[in-house]
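# Chains, contacts and geometry: an overview
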Amino acid sequence: MTTQKLDSLIAEACAAVGVTLVEQDMFRAGKRKTLRLYIDKPEGVSIDDCANVSRHLSDALDLDPEIIEGAYTLEVSSPGLDRPLKSVADFTRNKGRTLRVTRSTGKPVVGTLVDADEKNLTLTVKGNAENVVVALEEVLVAKVDVQI
(Lines give C-alpha, C1' and ligand atoms only; values in the text may rest on other atoms or scores of the structure.)
Protein backbone atom coordinates (compact mmCIF):
# COMPACT_ATOMS: atom_id res chain seq x y z
CA MET A 1 0.00 0.00 0.00
CA THR A 2 1.30 3.46 -0.85
CA THR A 3 0.25 5.70 1.98
CA GLN A 4 1.14 8.94 0.23
CA LYS A 5 -0.97 8.11 -2.82
CA LEU A 6 -3.87 6.98 -0.62
CA ASP A 7 -3.70 10.22 1.39
CA SER A 8 -3.74 12.19 -1.84
CA LEU A 9 -6.80 10.32 -3.17
CA ILE A 10 -8.62 10.82 0.15
CA ALA A 11 -7.84 14.56 0.04
CA GLU A 12 -9.10 14.79 -3.57
CA ALA A 13 -12.34 12.94 -2.73
CA CYS A 14 -13.00 15.21 0.27
CA ALA A 15 -12.24 18.36 -1.75
CA ALA A 16 -14.55 17.22 -4.56
CA VAL A 17 -17.44 16.88 -2.10
CA GLY A 18 -16.58 20.01 -0.08
CA VAL A 19 -15.86 18.31 3.25
CA THR A 20 -12.88 18.19 5.60
CA LEU A 21 -11.16 14.97 6.62
CA VAL A 22 -11.21 14.81 10.41
CA GLU A 23 -9.59 11.43 10.93
CA GLN A 24 -8.64 8.31 9.02
CA ASP A 25 -7.87 4.85 10.27
CA MET A 26 -6.75 1.70 8.47
CA PHE A 27 -6.95 -1.61 10.31
CA ARG A 28 -7.30 -5.31 9.62
CA ALA A 29 -10.61 -6.99 10.40
CA GLY A 30 -10.14 -10.70 9.74
CA LYS A 31 -8.87 -11.18 6.20
CA ARG A 32 -10.06 -7.76 5.03
CA LYS A 33 -8.59 -4.34 5.59
CA THR A 34 -10.93 -1.58 6.68
CA LEU A 35 -10.32 2.05 5.76
CA ARG A 36 -12.45 4.28 7.98
CA LEU A 37 -12.80 8.00 7.26
CA TYR A 38 -14.48 10.64 9.40
CA ILE A 39 -15.51 13.77 7.52
CA ASP A 40 -17.07 17.05 8.61
CA LYS A 41 -18.16 20.46 7.39
CA PRO A 42 -19.46 23.51 9.27
CA GLU A 43 -23.15 22.83 8.61
CA GLY A 44 -22.78 19.13 9.39
CA VAL A 45 -22.37 16.08 7.19
CA SER A 46 -25.25 14.42 5.36
CA ILE A 47 -25.59 10.80 4.27
CA ASP A 48 -25.17 12.05 0.70
CA ASP A 49 -21.81 13.64 1.63
CA CYS A 50 -20.59 10.31 3.01
CA ALA A 51 -21.87 8.42 -0.05
CA ASN A 52 -20.25 10.91 -2.44
CA VAL A 53 -16.84 10.72 -0.72
CA SER A 54 -17.12 6.93 -0.71
CA ARG A 55 -18.02 6.85 -4.41
CA HIS A 56 -15.20 9.25 -5.41
CA LEU A 57 -12.62 7.33 -3.41
CA SER A 58 -13.86 3.88 -4.47
CA ASP A 59 -13.69 4.87 -8.14
CA ALA A 60 -10.12 6.17 -7.72
CA LEU A 61 -9.02 3.08 -5.79
CA ASP A 62 -10.53 0.80 -8.44
CA LEU A 63 -8.25 2.43 -11.04
CA ASP A 64 -5.13 1.45 -9.08
CA PRO A 65 -5.61 -1.81 -7.11
CA GLU A 66 -2.05 -1.63 -5.75
CA ILE A 67 -2.89 1.29 -3.44
CA ILE A 68 -4.76 -1.07 -1.10
CA GLU A 69 -3.80 -4.64 -1.88
CA GLY A 70 -6.42 -7.33 -1.41
CA ALA A 71 -9.96 -7.10 -0.14
CA TYR A 72 -10.93 -3.99 1.80
CA THR A 73 -13.96 -2.24 3.24
CA LEU A 74 -14.38 1.53 2.99
CA GLU A 75 -16.39 3.28 5.72
CA VAL A 76 -17.17 7.01 5.57
CA SER A 77 -19.08 8.78 8.34
CA SER A 78 -19.36 11.94 10.40
CA PRO A 79 -17.23 12.04 13.55
CA GLY A 80 -20.33 12.11 15.76
CA LEU A 81 -21.21 14.66 18.40
CA ASP A 82 -19.61 12.80 21.29
CA ARG A 83 -16.20 12.32 19.66
CA PRO A 84 -13.38 13.88 21.68
CA LEU A 85 -11.76 16.91 20.07
CA LYS A 86 -8.02 16.35 19.73
CA SER A 87 -6.32 18.63 17.23
CA VAL A 88 -6.21 22.39 16.81
CA ALA A 89 -8.19 21.83 13.58
CA ASP A 90 -10.90 20.03 15.62
CA PHE A 91 -11.14 22.99 17.98
CA THR A 92 -11.09 25.57 15.18
CA ARG A 93 -14.00 23.78 13.44
CA ASN A 94 -15.97 24.01 16.68
CA LYS A 95 -15.53 27.72 17.46
CA GLY A 96 -18.79 29.15 18.72
CA ARG A 97 -19.98 25.83 20.15
CA THR A 98 -20.26 24.97 23.82
CA LEU A 99 -17.51 22.61 24.97
CA ARG A 100 -17.04 20.52 28.10
CA VAL A 101 -13.31 20.46 28.84
CA THR A 102 -11.99 18.08 31.50
CA ARG A 103 -8.64 19.26 32.80
CA SER A 104 -5.90 17.41 34.63
CA THR A 105 -6.08 20.16 37.28
CA GLY A 106 -9.65 19.60 38.43
CA LYS A 107 -13.29 19.92 37.56
CA PRO A 108 -14.56 20.38 33.99
CA VAL A 109 -14.96 23.79 32.40
CA VAL A 110 -18.06 24.33 30.28
CA GLY A 111 -18.08 27.33 27.99
CA THR A 112 -18.34 28.64 24.46
CA LEU A 113 -15.13 28.22 22.49
CA VAL A 114 -13.92 31.66 21.40
CA ASP A 115 -10.45 30.79 20.14
CA ALA A 116 -7.95 27.94 19.86
CA ASP A 117 -4.28 27.82 18.96
CA GLU A 118 -1.33 25.47 19.38
CA LYS A 119 -1.13 26.18 23.13
CA ASN A 120 -4.49 27.31 24.51
CA LEU A 121 -8.25 27.20 24.32
CA THR A 122 -10.15 30.38 25.14
CA LEU A 123 -13.69 29.94 26.45
CA THR A 124 -16.47 32.28 27.50
CA VAL A 125 -17.86 30.81 30.71
CA LYS A 126 -21.24 31.83 32.11
CA GLY A 127 -20.73 33.79 35.34
CA ASN A 128 -17.13 34.81 34.54
CA ALA A 129 -16.50 38.41 33.54
CA GLU A 130 -13.35 37.44 31.64
CA ASN A 131 -12.64 34.61 29.22
CA VAL A 132 -11.13 31.44 30.67
CA VAL A 133 -7.89 30.25 29.05
CA VAL A 134 -7.10 26.53 29.29
CA ALA A 135 -3.66 25.26 28.27
CA LEU A 136 -3.94 22.38 25.80
CA GLU A 137 -1.42 20.39 27.86
CA GLU A 138 -3.97 20.43 30.74
CA VAL A 139 -6.81 19.04 28.60
CA LEU A 140 -7.63 15.40 29.34
CA VAL A 141 -10.84 15.32 27.26
CA ALA A 142 -12.71 18.00 25.33
CA LYS A 143 -16.10 17.37 23.71
CA VAL A 144 -18.93 19.43 22.27
CA ASP A 145 -21.47 19.77 25.08
CA VAL A 146 -24.69 18.56 23.50
CA GLN A 147 -27.79 20.18 24.95
CA ILE A 148 -30.99 18.20 24.41
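Refer to the structure printed above.
Described below are features of the structure shown in this document. Source: prediction; values computed, not measured.

Another aspect to go through is the pattern of salt bridges. Applying the stated criterion to the full structure yields 10 salt bridges. Across the pair aspartate 115 and lysine 95 runs a salt bridge whose closest N-O atoms are separated by 3.2 Å. Here the residue aspartate 115 occupies a position in strand S5 (residues 106–116), and lysine 95 occupies one in the loop between helix H3 (88–93) and strand S4 (98–103), the gap between them amounting to 20 residues. On the accessibility criterion, aspartate 115 (34% relative accessible area) is partly exposed. Its relative accessible area of 39% is what places lysine 95 among the partly exposed residues. Salt bridges sharing common partners tie together Glu23, Asp40, Arg83, Asp90 and Arg93.

Alignment of strand S1 (residues 20–29) against strand S2 (residues 32–40), held across nine bridges, turns out to be antiparallel. Within S2, the residue paired with glutamine 24 across the bridge is leucine 37. With antiparallel pairing between neighbouring strands as the criterion, S1 and S2 make up a hairpin whose turn holds two residues, including glycine 30 at a positive phi of roughly 70°.

The subject of this paragraph is the sheet that holds strand S8 (residues 139–144). An order of S7-S6-S5-S4-S8 is seen for the five strands of this open sheet, with the pairing classed as antiparallel. The two strands at the open ends of the sheet, each matched to only one other strand, are strand S7 (132–135) and S8. Strand after strand, the sheet turns through a mean of 45° between neighbouring axes, direction not considered.

A few words on the nonpolar core. In this structure, Leu35, Leu37, Val53, Leu57 and Leu61 are the most contacted members of the largest nonpolar core, which totals 19 residues. Taken together, the elements giving at least two residues each to this core come down to helix H1 (3–17), S2, helix H2 (47–63) and strand S3 (72–77). Looking at which element gives the most residues to this core, the answer is H1, with six residues. By size, the runner-up hydrophobic cluster in this structure holds 15 residues, among which are Phe91, Leu121, Val139 and Val144.

This next bit is on the sheet that holds S2. Reading across the sheet, the three strands line up as S1-S2-S3 and stay open at both edges, with mixed pairing between neighbours. The open sheet has two edge strands, S1 and S3, and neither has a second partner. On average, each strand axis in the sheet is tilted by 15° relative to the strand beside it, whichever way the strands run. With six bridges joining them, S2 and S3 adopt parallel strand pairing. Looking across to S3, one finds that leucine 35 is bridged to leucine 74. Along the sheet face, H2 touches S2 and S3 and points at about 150° away from the line of S3.

Here we take up the side chain of aspartate 90. With respect to the element layout, aspartate 90 can be found in helix H3. The exposure class assigned to aspartate 90 is buried, which follows from its relative accessible area of 3%. A polar side-chain atom of aspartate 90 sits 3.2 Å from a polar atom in the side chain of arginine 83. Polar contacts involving the side chain of aspartate 90 include one to the main-chain amide nitrogen of lysine 86, which spans 2.9 Å. For aspartate 90, the contacting residues outside a window of four places in its chain are Val22, Arg83, Pro84 and Leu85.

Conventions and cut-offs
Residues numbered from 1 in each chain as written. Predicted model: local features only at pLDDT ≥ 70, side-chain atom pairs only at ≥ 80, totals over all residues. Heavy atoms only, no water. Salt bridge = Lys/Arg side-chain N within 4 Å of Asp/Glu carboxyl O. Helix = DSSP H or I, 4+ residues; strand = E, 2+ residues; numbered from the N terminus. Buried < 20%, exposed > 50% of the residue type's maximum accessible area, 1.4 Å probe, protein only. Pairing = 2+ DSSP bridges. Axes fitted to C-alpha atoms, helices over the stretch in contact; angles between N-to-C directions. Core = buried A, V, L, I, M, F, W, Y, C linked by side-chain atoms within 4.5 Å. Contact = heavy atoms within 4.5 Å. Polar contact = N/O pair within 3.5 Å; in protein donor to acceptor, adjacent residues only side chain to side chain.

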